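# Descriptive structure summary
In case you want the letters, here they are:
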Amino acid sequence: CESGPLPCSFLSLNVNGLKTRVEQENGAWLEGIGKLVQELEPDIIAMQEVKLTAKAPPGAKKGDGRPRQRDQPWDNDKLLDWQLV
């Protein structure tokens, strides 16, 4: 970047549900995003609408009134361990 330490390129992704995208077509979406990141080499990557659920007790359903641990990550190894590059 000629202007100094400021970011020059920005990649913005409207994910519309990260869990769905990760599970889609055996990881093809993540591979595609990884290739895009390698090709474009953005300084900043932003993801909107990831829509991850809060950690909840086993068998909990939306609207059931059971407490959620909103500060804890969702339990899914695919989402916790994925890497783009």
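Details of the structure are given in the entry above.
The following paragraphs examine the structure supplied in this document. (Residues numbered from 1 in each chain as written. Predicted model: local features only at pLDDT ≥ 70, side-chain atom pairs only at ≥ 80, totals over all residues. Heavy atoms only, no water.)

Close approach of charged atoms lets side chains of opposite charge pair. Here the structure, examined in full by the defined rule, presents 1 salt bridge. For K51, the salt bridge is made with E49, and the minimal N-O distance between the two is 3.8 Å. Of the residues examined, E49 reaches a relative accessible area of 40% and is grouped as partly exposed. (Salt bridge = Lys/Arg side-chain N within 4 Å of Asp/Glu carboxyl O. Buried < 20%, exposed > 50% of the residue type's maximum accessible area, 1.4 Å probe, protein only.)

It is characteristic of soluble globular proteins that their nonpolar side chains tend to be buried jointly. Listed in full, the 9 residues of the largest apolar core are L11, L13, V15, L18, V22, W29, L30, I33 and V37. Among the elements of the structure, β1 (10-14), α1 (18-23) and α2 (28-40) are those that each provide at least two residues to this core. When residues of this core are assigned to their parent elements, the largest contribution, 4 residues, is made by α2. (Core = buried A, V, L, I, M, F, W, Y, C linked by side-chain atoms within 4.5 Å. Helix = DSSP H or I, 4+ residues; strand = E, 2+ residues; numbered from the N terminus.)

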